[in-house]
Amino acid sequence: MSSLGIDIGGANLKVASEDGWEIIYFPMWKRVEELEDTLRDIAEKYSANRAGVVMTAELSDVFGSKEEGVRFIGEICRRVFEDVSFLDVSGRLSRTLDEPAKFAASNWVASATFLLREGYRNFLFVDIGSTTTDIIPVTDRIEATKTDFERLKRREMIYVGILRTPVFYILKEFDSAPLCPEFFAITADVFIATGDITEDDYTCETPDGKGRDEISCLKRLARTICCDLEEIGINKAKQLALEAKKAMKDLLKDALRKKTEDYGIERVFTCGIGEFLIEEICNEIGVEFISLSGLYGEYSKLFPAFAMLKLVQKD
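What this report covers is the structure whose coordinates are included nearby.

In spatial order, the strands read 9-8-7-12-13; together these 5 strands make up an open sheet with mixed pairing. Single-partner strands in this sheet number two, and they are strand 9 (157-158) and strand 13 (288-291). Pairing between strand 7 (residues 123-128) and strand 12 (residues 267-271): 4 bridges, direction parallel. Each residue of the ladder has a partner; that of D127, found in strand 12, is C271. In this fold helix 4 (residues 107-117) packs onto strand 7, strand 8 (133-138) and strand 12, with an angle of close to 35° to the strand it touches most, strand 8.

This is the structure we're talking about:
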């Protein structure tokens, strides 16, 4: 029986199998009615009739509530796959969604549970993706709280990511000018401008529907301070990008430093498209950085899906 691990997010579907992986840009708020057909295509492509599923898409505003979203996604998965298991926030695999709230936003639990079963202890698990950053303390057990609301309060989830975060959210002003609270530019534009990601990494939509090349990104960044690129010049637009990167690093650095100090942790396991940023932070605060891409290859890009694959194979 061929198995898949699937992470159903609000913006991406992430699929892991023994034969490969893929990340499909899938804005749930636009394409929810295509979910079943898309999952059937995935099942056929990988000749899979078994799946382990985690989700965060239940938070999408296409659903009236998280419970509605969990039930909707779960019902589709059960129609597509002969055998499907879901993971709740306590790390329990279940073929039913008896208490839907317990299965909401459980993808980080899959990653931390898998690492514990691999024998790792006393680490900070950081998953920095397109939209959010999970910062999960693990001793001989997972120390994080169970809901996104509580994790936001405890800075175990920081709602910033490498691609989709509006720049004005992380950088408040540049050259004494406050950034405009408009959807002019996103962090993908920042990290193209700083050279940290490539156009192939820029998998989401651009704010203006235009290109992902460096000049297009710099134009969007200039617009955040009501300028044309010609008005401020390429060098100044790049400086804005560097300051935005620093502001995001500072935000994450404070959270990482506090968690490592609170739990006496000296090493950080990191996955996701933003591994590079966490490596820089670890070097600056003096803790050991362990790249999950170094341990598990490109599965690091979709580690919760990979973790679910491994968990259901052992179930």
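Where helix 4 contacts helix 13 (residues 303-314), the axes come no closer than 8 Å and their chain directions differ by 55°. Taken as axis vectors, helix 4 and helix 13 run oblique relative to one another. Our pair here, helix 4 against helix 13, has a crossing hand that is left-handed. Residues N107, A110, S111, T113, F114, L115 and R117 of helix 4 form the contact with helix 13, whose participating residues are F303, P304, F306, A307, M308, K310 and L311.

Here the focus is the nonpolar core. For soluble globular proteins, the rule of thumb is that nonpolar side chains tend to be buried together. Within the largest apolar cluster, 49 residues are counted, with the highest numbers of intra-cluster contacts made by I162, L221, M248, L252 and I278. Breaking this core down by element, the ones donating at least two residues are strand 7, helix 6 (167-170), helix 7 (187-193), helix 8 (214-223), helix 9 (229-232), helix 10 (234-263) and helix 11 (275-285). Of all the elements, helix 10 adds the most residues to this core, at 8 residues. Every residue in contact with I278, bar those within four places of it in the chain, is listed here: V126, I128, L252, L256, V268, T270 and F289.

We now examine the sheet that holds strand 5 (residues 83-87). Pairing in this open sheet of 6 strands is mixed, and the strands run 3-2-1-4-5-6 from one edge to the other. Each edge of the sheet is formed by a strand with only one pairing partner; in this case those strands are strand 3 (20-25) and strand 6 (93-94). Bridging between strand 5 and strand 6 involves 2 bridges; their strand directions are antiparallel. From the neighbouring strand, L87 faces strand 6, where its bridge partner is L93. Contacts from helix 13 reach strand 1 (3-8), strand 2 (12-17), strand 4 (50-55), strand 5 and strand 6 within the one sheet, and its direction differs from that of strand 1 by about 140°.

Time to look at the pairing of strand 7. Extensive coverage of strand 7 is indicated by the burial of 6 of its 6 residues. Burial along strand 7 is two-sided: the residues F123, F125 and D127 and L124, V126 and I128 are all buried. The pairing of strand 7 with strand 8 spans 6 bridges and is antiparallel. Its bridge partner being in strand 8, F123 is matched across the sheet by V138. Where strand 7 folds back on strand 8, the antiparallel hairpin that results is connected by 4 residues.

Their axes nearest at 9 Å, the elements helix 8 and helix 10 cross at an angle of 75°. Considering the angle they form, helix 8 stands roughly perpendicular to helix 10. Between helix 8 and helix 10, the residues in contact are E214, I215, L218 and L221 and I234, A237, K238, L240 and A241, respectively.

Before going further, it helps to examine unusual backbone geometry. Positioned with a positive phi, D175 is a non-glycine residue whose angle comes to about 55°. With respect to the helices and strands, the residue D175 is situated in the loop between strand 10 (173-174) and strand 11 (177-178).

Turning our attention to the pattern of salt bridges. Under the definition given, this model contains 33 salt bridges. Residue E284 pairs with K253 through a salt bridge whose shortest N-O separation is 2.5 Å. Here K253 lies in helix 10 and E284 lies in helix 11, a separation of 31 residues in the sequence. For E284, a relative accessible area of 44% puts it in the partly exposed group. Using a relative accessible area of 15% as the deciding quantity, one classes K253 as buried.

The next thing to look at is the environment of Y159. Structurally, the position occupied by Y159 is in the loop between strand 9 and helix 6. When the C-alpha positions of Y159 and D134 are compared, they lie 8.6 Å apart, and in sequence the two are 25 residues distant. Once residues within four sequence positions are removed from consideration, Y159 is found in contact with T131, T132, T165 and Y169.

When you line up the elements, K259 lands in helix 10. The class for K259 is buried, based on a relative accessible area of 6%. Here K259 is in contact with L124, I135, P137, R154, R155 and E156, once residues within four sequence places are set aside.

On the surface, a nonpolar cluster with roughly 270 Å² of combined accessible area is contributed by L59, L152 and Y159. For L152, the location among the structural elements is in helix 5 (residues 148-153). Judged by relative accessible area, L152 falls into the partly exposed class, the value being 35%.

Definitions and limits used
- Residues numbered from 1 in each chain as written.
- Predicted model: local features only at pLDDT ≥ 70, side-chain atom pairs only at ≥ 80, totals over all residues.
- Heavy atoms only, no water.
- Pairing = 2+ DSSP bridges.
- Helix = DSSP H or I, 4+ residues; strand = E, 2+ residues; numbered from the N terminus.
- Contact = heavy atoms within 4.5 Å.
- Axes fitted to C-alpha atoms, helices over the stretch in contact; angles between N-to-C directions.
- Parallel < 35°, antiparallel > 145°, perpendicular 65-115°, else oblique.
- Left-handed = near helix turned anticlockwise from the far one by under 90°.
- Core = buried A, V, L, I, M, F, W, Y, C linked by side-chain atoms within 4.5 Å.
- Buried < 20%, exposed > 50% of the residue type's maximum accessible area, 1.4 Å probe, protein only.
- Salt bridge = Lys/Arg side-chain N within 4 Å of Asp/Glu carboxyl O.
- Patch = residues over 30% accessible without salt bridge, like charges linked within 9 Å, V, L, I, M, F, W, Y side chains within 5 Å.
- Areas by Shrake-Rupley, 256 points an atom, 1.4 Å probe, with all protein chains shown as cover.

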